[in-house]
Every structure is written in C-alpha cells, then in structure tokens.
Amino acid sequence: MKYQKLFEHYNLSGNQIKNRFLMAPMTRSRASQPGDIPNVLMAEYYAQRSTAGIIITEATQVSLQGKGYAKTPGIYTQGQIEGWKLITKAVHENGSKIFLQLWHVGRVSSSKVNGLQPIGPSAITAQNTSVYIFDGSSDGDATFVPVEEPREMNKADIEIVINEFTEGAKNAIAAGFDGVEIHGANGYLIDQFLRSNSNVRTDEYGGRKENRIRLLIEISRAVANTIGKEKTGIRLSPFISFKDMNDPEILETIMLAAEQLNKLDVAYIHLCEADWDDAPQIPSDFRFKLRDTFKNTIIATGNKTAEEAEKLLQEDLVDLTGFGRHFLTNPDYPARVKHNSILNEISDSHTLFGGGTAIGYTDYPFMK
Ligand SMILES: Cc1cc2nc3c(=O)[nH]c(=O)nc-3n(C[C@H](O)[C@H](O)[C@H](O)COP(=O)(O)O)c2cc1C
C-alpha cells in the first residue's frame, strides 16, 4: 500500500491509536456564551473528525486571564468540564483518542476580550499582533483589535499560572480526555518566556536559555506529576517568527528544553512547523538532533501532504503526523488519502473563527 505507515497502529505511551493521522489543534471560536462552554455543535464537529487516530483539541484557556480571543472554550469551570464530556464521549465512541490543548495567551490579549490587562514575562507589547472580539461592528464577523501592553508577571503570578495549568489538566481528565497538550508554541505565554526578545527578565525566569525554559519545564513537571507523564504532551514551534517572536536563539533553546522534557519522560513533543504563510522547510539535522535528544513520541504538523507525512514516518524522523486544514475541510481525510480522492478546500475564511454557526464548521461534506 502507498501509505503503509500512515495507516499503521501506534502506541502513544500506552494509548492505542488506530492510525498515524493526528488532527492538529485548531481554534474555531464556537464555545457557548456566556461562560466559554463547549457544546453539542462542537461535539458533532469533533465526532466527524474522529477518523483521525488522535485529535488535539483547539487551544483551551486555563483561566479568564489566559484567554485572548472571543468564544474560545475554557477548562476551569464545572460548566466547561460538563461541556467537554460531550466531546470526549463522542470521539471515544468512534474509537479515536483525544487530548485537550491547555492554553494561556500571556501578552496576546486585550482587555476588550476578557476585561483584564494582559500579563507576560516582560512589559513588552507584541508588535503587529491583534486578537478578535465579536462586537457587532463587523457585520457578524470578528473585529480585530491590537493587543495591549502586558504587565510583567511577578513570582506570585507565575505560581498562579502553574497552578492553573495543573488544575486545567485535572479538569481535562475529569472531562474524559486521554491526556493534555501544553501549548508552548505560537507566541503564547510559554513561548514568550522561551524567547530572548519577549523575555528580558533578570530573575531566574529570564536571561540565559536555562532560565527561559524554566516556566515550560515547571509547568510540564507539575502537569505530569498531577495526571501522569504518559498523559502529558508539549507543543513547541521552533520555526515561527510571527506575533513578534523572532529570536535568533530559539533553536538552541528548544533543543535544551527537549533535553529537559526527555528527563521528565513526557509522552510527546509536537512540532508546530508552519502556519499560514510562514512555512520554512525544516532542516533535516534539526530532526536528527531532536530524535537523538528526545526518546518518546515526536509529532510534526505543518503544510504536509500525505506523501510528505509518509516519508517522514518511513524515515523514522517522526511517529505521528499532524494535519490541520486537511481535517478542517475533510472530516474523512484518512479515507480520502486511502482512495486518492479530491480534497475539499476552505469554503469561506470568515467561517474559520466563528460566529457560532455550523456553516463552514460541520457542513464540509464526506466523500460520496
Ligand atoms: C483555523 C486554525 C486555527 C488554529 N488554531 C490553533 C490552536 O488553537 N492551537 C495551535 O497550537 N495551533 C493552531 N493552529 C495551527 C495548526 O495546529 C497547524 O499547526 C497549522 O494549521 C499548520 O498545519 P496544516 O498546514 O496541516 O494546516 C491553527 C490553525 C488554523 C488553520
């Protein structure tokens, strides 16, 4: 068979996964209001996509402070836990696994979103970065607003955030998830700590690389100790520069983090390799080095065709391959790969982030 590896089973630290297709986390901003509560529509969306061996949910804030965009779901209230149960149940009934992505946006927010001043490692505003709200001024569409200057976090704030991640992880398990993915990518709070341009602290959380990875490692350790290392994954994005995240030291910093994560023996590292218009090729030596450094599962996502994914699996550089937009538009993406069928395209980019309707969400057709 052409895609032999992609259709192989996989054992992810004890989770039996039916194939190597991972549905990548994608924010879709359809949580019920008020309260950012997951709902029946979201359960239908994820159930449709449980053709993937494993699903990583959309980024989910661990607190109101950790929220950066309108209508994203949370995992810090009983109502949210109850809402997520609809989703885990539907996905499990279809024989797929599901991890919740735990999220704190840090400085990528605005008081217009959550009524709070953003917080971050340092009081440095991300340039050319916006978030969105639904204020009725854009004809039902999201309205983009620039992020606001963050307040520099003190030690108490750091303690609170670590605690929010562990509570979020506990809540995720209570909601029926198989595990959690700590969002350390894409310019959000943990990534802000990793990078020398967004983190200019002079305490033990800033300065040297060893200090800049501290928050990531402390959160990862705390979550792993709380719910189990086999249920804890980490997402990192060594190759992005958007959200004002250009840091010449990031590759070395991430490799150092990988070394520490290996010691913690967490289930996986999920590389977020490319997003919209930002798709550099990943140098092979980075992949070799990561494989050497981190012994558990490695996942790669970003602008991949099934052929490219199969090749990475065949070369044993990764264990699972993630697909974002292919799953967004093709709920039955693995079957389409198997049958070499045409793929649906994004129908209308305005429906990506929301409004709360089924349009451009659960209405992408299955193969005939
Ligand atoms: C609509 C949309 C929302 C996204 N939201 C998230 C998110 O919540 N968390 C995250 O880590 N990545 C997010 N991403 C990035 C994807 O997980 C993925 O890395 C990216 O789309 C590249 O993969 P692809 O080329 O297969 O789509 C998002 C991407 C898209 C298209």
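The paragraphs below set out a description of the structure included in this document. Numbers given for residues are sequential positions, taken from 1 along each chain in its written order. A pLDDT threshold of at least 70 governs which residues receive local features in this predicted model, and a stricter bar of 80 or more applies before side-chain atom pairs are shown or counted, although totals over entire chains, interfaces and linings include all residues. Only hydrogens and water are removed before side-chain values are computed, so all heavy atoms of the structure are retained for them.

## Comments concerning the pairing of strand S12 (residues 268–272)
The side chains of a regular strand alternate between both faces of the sheet.
(1) Moving on: For every residue, the accessible area obtained with a 1.4 Å probe (protein chains only) is divided by the maximum for its type, and the residue is called buried under 20%, exposed over 50%, and partly exposed between those limits. Numbering of helices and strands runs from the N terminus; a helix is a DSSP stretch of H or I covering at least four residues, while a strand is a stretch of E covering at least two. Within S12, 5 of the 5 residues are buried, which leaves it mostly tucked inside the rest of the structure.
(2) Moving on: If DSSP finds at least two bridges between two strands, the strands pair. Sheet topology places strand S11 (residues 232–236) next to S12; 4 bridges connect them, and they run parallel. Bridging across to S12, Ile-234 finds its partner in Ile-269.
(3) Moving on: Orient the strands so they point away from the viewer; a crossover is then right-handed if the path from the first strand over the helix to the second runs clockwise. Handedness of the crossover joining S11 and S12 through helix H8 (residues 250–264) is recorded here as right-handed.
(4) Moving on: Relative to strand S13 (residues 297–301), S12 runs parallel, the two being bridged by 5 bridges. Paired with Ile-269 across the two strands is Ile-298, which belongs to S13.

## Section: the environment of Asn-211
(1) Moving on: Residue position: Asn-211 is located in helix H6 (residues 209–212).
(2) Moving on: Among the residues examined, Asn-211 registers a relative accessible area of 9% and is labelled buried.
(3) Moving on: Separated by 169 residues in sequence, Asn-211 and Met-42 place their C-alpha atoms 39 Å apart.
(4) Moving on: Ignoring anything within four residues of it in the chain, the contact list for Asn-211 reads Asp-203, Glu-204, Tyr-205 and Gly-206.
(5) Moving on: Within the structure, the side chain of Asn-211 is placed 2.9 Å from the backbone oxygen of Gly-206, a separation counted as a polar contact. Here, residues are in contact when the closest pair of their heavy atoms is within 4.5 Å. The definition of a polar contact used here is a pair of N or O atoms within 3.5 Å, where within protein one atom must be able to donate a hydrogen and the other to accept one, and adjacent residues in sequence count solely through side-chain atom pairs.

## Notes on the packing of helix H7 (residues 214–227) against H8
(1) Moving on: Interhelical geometry of H7 versus H8 gives an angle of 15 degrees and a closest axis separation of 10 Å. Compared by their axis directions, H7 and H8 come out roughly parallel. Note on packing geometry: the crossing formed by H7 with H8 is right-handed. Residue-level inspection shows Leu-216, Ile-217, Ser-220 and Arg-221 of H7 in contact with H8, the latter providing Ala-257, Gln-260, Leu-261 and Leu-264.
(2) Moving on: Three categories are distinguished: nonpolar for Ala, Val, Leu, Ile, Met, Phe, Trp, Tyr, Cys and Pro, charged for Asp, Glu, Lys and Arg, and polar for the others, with Gly belonging to the last. Partitioned by chemical class, the residues of the contact of H7 with H8 number 5 nonpolar, 2 polar and 1 charged. Lines fitted to C-alpha atoms define the axes here, with helix axes fitted over just the stretch in contact, and angles between the N-to-C directions of these axes take values from 0 to 180 degrees. Angles below 35 degrees are treated as roughly parallel, those above 145 as roughly antiparallel, those between 65 and 115 as roughly perpendicular, and all remaining angles as oblique. Handedness of a crossing follows from how the near helix is turned relative to the far one, being left-handed for an anticlockwise turn of less than a right angle and right-handed for a clockwise one.

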